[in-house]
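This is what each chain is made of:
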Amino acid sequence: MASLLTPDLHTHTNFSCDCRATMVEMCRSALANGIAEVGFTEHFDLIPQDPCFAHLDFTGWWAELRRCRELFQGELTIYAGIELGEPHRYAEQIRRLLGEHPWDYALGSLHWVGEELIFDRNYFRKSPYEAYQNYFRELKVMAETADFDVLAHLDVVKRFGFEAFGPFEVTRYEAEVRAVLRAIAGRGLALEINTSPLRRSVQQTSPAQPVIDWFFEEGGRWVTLGSDAHEAQHVGHELQAALQSAQAAGFPAAARYRTRRPSLADG
């Protein structure tokens, strides 16, 4: 299979609490699926109630990353990323972490709204408007203040909201979403187009086309693509469709990151 110029910058391995695939298996799958550039972004969560709290073994992970870079040298470009949960709540710990290791980029993720985990069905016992509005309000704070490079799966809350409320209509929350987009565009941060919801009932990228269009309108410059793969066969899943969505909005190409600096992955 011919290699793609589109990097998959959101994947996990068994160093994350919710993945069993090894880094070598993920690398082999990337090559088999035509992906020539992959970034590993294990969960780093500081909320004690989070399932991944205190799970990540940094020493082991960096050793395995170096081993895979040697093993797949000349075949696969491997980036060092990390998925930061709720980085706005733990500014000092995040600052130290990002300064202690040679990261290529950091994803910023919101999985908790206040004391509620959005992956818990109890979060959706409230009205749809309250569930989604509360999420986007906290996401705005994160977008304005936290140290990260790429906003991951902006509307991930819809993955589980779909089961409770049915299809997610993002236009109902345009003002809230645009505020988030305006914040990251103004800071020069990237918006991720995450394809994992295409493997679920919601059947949309995260975010979907209207939000990608709004990001371009708000002055956004960078988009990245991520499969959010937790299984080897999902590396690179639907990235070409995600790239087409980015280009339809006006972005010439997806971005890659090295030493926390973005560039266009167009050759």
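The structure presented is a predicted model; accordingly, all values stated were derived computationally and were not measured.

Rules used throughout
- Residues numbered from 1 in each chain as written.
- Predicted model: local features only at pLDDT ≥ 70, side-chain atom pairs only at ≥ 80, totals over all residues.
- Heavy atoms only, no water.
- Buried < 20%, exposed > 50% of the residue type's maximum accessible area, 1.4 Å probe, protein only.
- Helix = DSSP H or I, 4+ residues; strand = E, 2+ residues; numbered from the N terminus.
- Arc of directions from axis to C-beta.
- Contact = heavy atoms within 4.5 Å.
- Polar contact = N/O pair within 3.5 Å; in protein donor to acceptor, adjacent residues only side chain to side chain.
- Axes fitted to C-alpha atoms, helices over the stretch in contact; angles between N-to-C directions.
- Parallel < 35°, antiparallel > 145°, perpendicular 65-115°, else oblique.
- 1 Å grid on protein atoms, 1.4 Å probe; cavity = no way out; pocket = protein on both sides within 12 Å on 5 of 7 lines; lining within 4 Å.
- Points joined across faces, edges and corners; volume = space filled by probe spheres on them.
- Pairing = 2+ DSSP bridges.

> Help me understand helix α7 (residues 209–217), please; the structure alone is not making it clear to me.
Note: α-helices contain 3.6 residues per turn, so residues at a spacing of three or four share the same orientation. For α7, the full list of buried residues reads Val211, Ile212, Trp214 and Phe215. Taken around the axis of α7, the buried residues stretch over an arc of 160 degrees, which confines them to a single face. Those residues of α7 that are buried lie in contact with α6 (174–186), β8 (190–194), β9 (222–226) and α8 (239–249). Immediately beyond the C-terminal end of α7, within one or two residues, lies Gly219, with a positive phi of roughly 95 degrees.

> Explanation requested: the side chain of Thr13 in the structure shown.
Within the fold, Thr13 resides in the loop between β1 (8–11) and α1 (23–32). A polar contact is formed between the side chain of Thr13 and the side chain of Glu42, at a distance of 2.7 Å. Residues in contact with Thr13, not counting those within four places in the same chain, are Cys19, Ala21, Thr22, Met23, Met26, Phe40 and Glu42.

> How do you make sense of the packing of helix α4 (residues 128–145) against helix α5 (residues 157–165) when you look at a structure like this?
Each pair of packed helices can be summarised by the angle the axes make with each other and by the distance between the axes. For the pair α4 and α5, the least separation of the axes is 11 Å and the interaxial angle reads 175 degrees. It follows from the interaxial angle that α4 and α5 lie roughly antiparallel. Where α4 abuts α5, its residues Pro128, Ala131, Tyr132 and Tyr135 lie against Val157, Lys158, Gly161, Phe162 and Phe165.

> It is not clear to me how the layout of surface pockets should be interpreted in this structure. Could you clarify?
Which parts of space are left empty comes out when a probe the size of a water molecule is rolled across the atoms. Looking at the largest pocket, its volume works out to about 360 Å³. Lining the largest pocket are 20 residues, with Asp18, His43, Arg159, Arg200 and His230 sitting closest to its centre.

> Any chance you could explain the side chain of His43 here in plain terms?
Residue placement: His43 occurs in strand β2 (residues 37–44). Judged by its relative accessible area of 9%, His43 is buried. One polar contact links His43 to Glu83, side chain to side chain, over a distance of 3.4 Å. In contact with His43, other than residues within four places in its own chain, are His12, Ser16, Asp18, Cys52, Leu56, Glu83, His111 and His230.

> Help me understand the sheet that holds strand β4 (residues 105–109) in this model?
Spatially, seven strands are ordered β1-β2-β3-β4-β7-β8-β9 in an open sheet, and the strand pairing comes out parallel. For this open sheet the edge positions go to β1 and β9, each flanked by a neighbour on one side alone. With five bridges joining them, strand β3 (residues 77–85) and β4 adopt parallel strand pairing. Directly across from Gly85, in β4, lies its bridge partner Ser109. Its contacts with the sheet put α8 on β1, β8 and β9, and the angle it makes with β9 is roughly 165 degrees.

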